[in-house]
Amino acid sequence: MLPLRIARVLVILGLALSALPLCAESLSAQIEKARAQPKVIDRLNALSAIGPGLTSAEIPRALELANTLDVLRERAVFEETVLKRWAKLAPADAFAFTATLPDSRQKIEVLRAAADALARKNSSAAAQAAAALPSGRARQEAIATTAEIWAAANAPAALRWAETLEPAPARETALHAIRFVWVHTDPAAAAAHVTALPSSDVKNALLMNIGGSWAERDPSAAIAWAQTLDPGPEQTAALVNIAESWADSAPALAATFAISLPPEPRSPAVGGVTARWATQKPAEAAAWTTSLDPALRPVALAALLDVWTGAAPDVAEKWIQKLPPGSLRDDAAAAYVTAVDEWNPQLAAEVIPLVHDEARRAQSARELVDHWSEIDPAAARQWSAKFHQHESTAQPDP
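*Asks:* So what exactly am I meant to see when it comes to the overall build of the protein chain here?
*Replies:* Looking only at helices and strands, the protein chain features 23 helices and zero strands. By the compact-globule yardstick of 21 Å for 398 residues, the protein chain is too spread out, its C-alpha radius of gyration being 30 Å. When its C-alpha atoms are laid out on the principal axes, the protein chain stretches across 100 × 60 × 35 Å. Going through the 398 residues of the protein chain one by one, you find that 48% of them count as buried. A sequence separation of at least 24 residues applies to 56% of the contacts in the protein chain between residues at least 6 apart. Summed over all atoms, the accessible surface of the protein chain reaches about 19,500 Å², with 56% contributed by carbon and sulfur. Positive and negative side-chain charges of the protein chain, numbering 36 and 45 respectively, have mean locations separated by a distance of 8 Å.

*Asks:* Explanation requested: helix H12 (residues 201-217) in the structure shown.
*Replies:* What sets the pattern is the α-helix's 3.6 residues per turn: residues three or four places apart point alike. With 17 residues, H12 ought to run about 24 Å at 1.5 Å a step, and its terminal C-alpha atoms sit 25 Å apart, in line with that. Those residues of H12 not exposed but buried are Lys203, Asn204, Leu206, Leu207, Ile210, Gly211, Gly212, Ser213, Trp214 and Ala215. Contacts made by the buried residues of H12 are with helix H10 (168-185), helix H11 (187-195), helix H13 (219-226) and helix H14 (233-247).

*Asks:* Is there a simple way to explain the side chain of Lys107 in this structure?
*Replies:* By secondary structure assignment, the location of Lys107 is in helix H7 (residues 105-121). Accessibility expressed as a relative area gives 6% for Lys107, which makes it buried. Separated by 3.2 Å, the side chain of Lys107 and the backbone oxygen of Ala99 make a polar contact. Ignoring sequence-local partners within four residues, the contact set of Lys107 consists of Thr98, Ala99, Leu101 and Pro102.

*Asks:* Just to check I follow, could you spell out unusual backbone geometry for this structure?
*Replies:* Most peptide bonds take the trans form, and the phi angle of most residues other than glycine is negative. Glu166 connects to Pro167 through a cis peptide bond whose omega is 0°. Tracing the backbone through its elements, the reader meets Pro167 in the loop between helix H9 (137-162) and H10.

*Asks:* I tried to follow the packing of H14 against helix H15 (residues 251-260) on my own but got confused; where do I start?
*Replies:* The description of two packed helices rests on the angle between their axes and on the distance between the axes. Running from N to C, H14 and H15 cross one another at 160°; their axes reach a closest spacing of 7 Å. By the angle between their axes, H14 is roughly antiparallel relative to H15. Relative to H15, H14 is oriented so that their crossing is left-handed. Of H15, the residues touching H14 (which contributes Leu239, Ile242, Ala243, Trp246 and Ala247) are Pro251, Leu253, Ala254 and Phe257. Tallied by class, residues from the contact of H14 with H15 come to nine nonpolar, no polar and no charged.

Definitions and limits used
- Throughout, residues of each chain are indexed from 1 in the direction in which the sequence is written.
- Totals for whole chains, interfaces and linings use all residues, but because this is a predicted model, local features are given only for residues with pLDDT of at least 70 and pairs of side-chain atoms are given and counted only at 80 or more.
- Each side-chain value is derived from all of the structure's non-hydrogen atoms; neither hydrogens nor water enter the calculation.
- For the purposes of this entry, the term helix denotes a DSSP run of H or I that reaches at least four residues, the term strand denotes a run of E that reaches at least two, and both are numbered from the N terminus.
- As a reference, a globule follows 2.2 Å times the number of residues to the power 0.38, and the radius of gyration itself is taken over C-alpha atoms.
- For every residue, the accessible area (1.4 Å probe, protein chains only) is compared with the maximum for its type, and the residue is labelled buried under 20%, exposed over 50%, or partly exposed between those bounds.
- The criterion used for residue contact is that any of the two residues' heavy atoms lie within 4.5 Å.
- Where accessible areas are quoted, they stem from the Shrake-Rupley method and a 1.4 Å probe; at the residue level, only the protein chains shown are allowed to cover.
- The charge count treats Lys and Arg as positive and Asp and Glu as negative. His and the chain ends do not count.
- For charged residues, the charge sits on one atom: NZ in Lys, CZ in Arg, CG in Asp, CD in Glu.
- Expected helix span is computed as 1.5 Å times (number of residues minus one).
- We call two N or O atoms a polar contact when they sit within 3.5 Å, provided that within protein one can donate a hydrogen and the other can accept it, with sequence-adjacent residues counted only if both atoms are side-chain atoms.
- For helices, the axis comes from a line fit to the C-alpha atoms of the stretch in contact; other axes are also lines fit to C-alpha atoms, and the angle between any two N-to-C directions lies between 0 and 180 degrees.
- If an angle is under 35 degrees, it is roughly parallel; if it is over 145, roughly antiparallel; if it lies from 65 to 115, roughly perpendicular; otherwise it is oblique.
- Take the far helix as your reference; a near helix turned counterclockwise from it by less than a right angle gives a left-handed crossing, and one turned clockwise gives a right-handed crossing.
- When residues are grouped by polarity, Ala, Val, Leu, Ile, Met, Phe, Trp, Tyr, Cys and Pro land in nonpolar, Asp, Glu, Lys and Arg in charged, and all others, Gly among them, in polar.

Structure, rendered in C-alpha cells:
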C-alpha cells in the first residue's frame with residue numbers, strides 16, 4: 001500500500017493506482033544505477049540528474065521510490081530534485097503538496113521554486129497560496145519570491161496585495177521585494193511611491209536605484225526628478241547614482257554634471273563617474289582627473305586607479321611616471337599604492353619613490369608595510385629596512 005503522502009500526490013494529480021507509468025521499472029533501475037556509484041558525490045549527482053527528465057506521470061512513483069531510500073542524504077537529494085521537477089511541470093500541485101510536508105530547509109527550497117513557477121503563470125494564485133501558508137520561514141520565502149515575480153509584471157497590483165498581508169513582517173518582506181524590483185522596471189512610476197516613504201536607509205537605497213535606473217533611460221528626466229527632492233541624504237543618494245549611471249553611456253557629460261553638483265554630492269559623484277569612465281576608457285578618465293580642482297582630485301584618482309590597476313597596473317604605472325613631479329603625481333602615486341598594496345605589495349613598492357613629498361612618501365610606506373606584513377612579513381621587513389636606509393642617506397631637496 002502506498003504511503004499516505006504519496007497517495008495525496010495521486011489525488012492531486014488525479015491518477016488512479018492502475019495509471020502508474022509503465023516505465024516504473026526503468027526509473028527504479030536509474031536509481032539503483034545512481035546508487036551504485038562508488039563515490040558519495042557521484043551518487044548524489046547521479047540521483048539529482050534523474051529529476052529533470054521526469055514526466056508528470058512519473059512523479060508519484062519517483063516520490064514513492066524516494067521514500068524507500070535508506071540513506072538520508074540520498075533520499076533528501078532525490079526527493080528534492082523530484083519535487084523541484086514537479087514544481088516546473090505543475091507548480092500549483094507541487095506547492096499544495098509541499099506545503100503539507102514537515103518544516104525543513106528542503107521544504108523552503110521547493111516552495112520557493114514552486115512559487116516562482118506558479119507566479120510566472122498566475123501571480124494572484126501564487127500570492128493566495130503563499131499567504132495561506134502558516135507563519136514561518138517557508139511562508140516568508142514564498143511571499144518574497146511571489147512578490148518579486150509579480151512586481152516585474154505588474155508592480156502596482158503586487159503592491160496592493162502586499163499591503164493586505166499580515167502579520168507585519170510578512171507585509172514588509174513583500175513590500176521590500178516589490179519596491180526593489182519596481183525601481184528598476186519602471187523608475188518613473190516608482191518614484192512617487194518611494195518619495196512618500198518615511199526616511200530610512202532603505203528609502204535612500206531605493207532612491208539610489210531609481211536615480212541609476214532612470215538615468216539609463218532619460219538622464220534629463222532623472223535629474224529633474226532628483227532636484228525636486230529635499231536637499232540632504234535622499235537627494236544626494238539620487239544625484240550620485242544618476243551621475244554614475246549616466247557615465248556608462250556618456251562619461252564626459254556625466255563628468256560635467258558631477259562637477260556642477262552642490263558640495264555634498266559632488267565628491268562621491270566625481271568618484272563614481274571616474275570609476276565608471278575608467279572601466280571603459282581609463283586613459284580618457286585619467287586625462288580628465290588631471291584637470292580637476294585639487295580638492296576633488298584625490299577622490300577621482302583613487303577611483304581611477306582602483307579600477308585601472310585591477311586590469312592593467314603596468315599601464316597605470318607608466319602613466320604616473322610620465323606625470324611631472326608635484327602634488328598631482330604624489331596624489332596619483334599614493335592612490336596607486338593604496339589600490340595594489342593588499343594584493344601585490346611589490347608593485348606598490350616600485351611606485352612609492354615617485355611620491356615627492358617626504359611625509360606622504362613615509363605614510364605610503366607605512367601603509368604598504370602594514371599590508372605586506374600580513375602576506376610576507378620577512379619580505380616586508382627587508383623592504384622597510386632598505387627604504388629607511390635610503391631615506392636617511394638621501395640628499396634633501398634643494
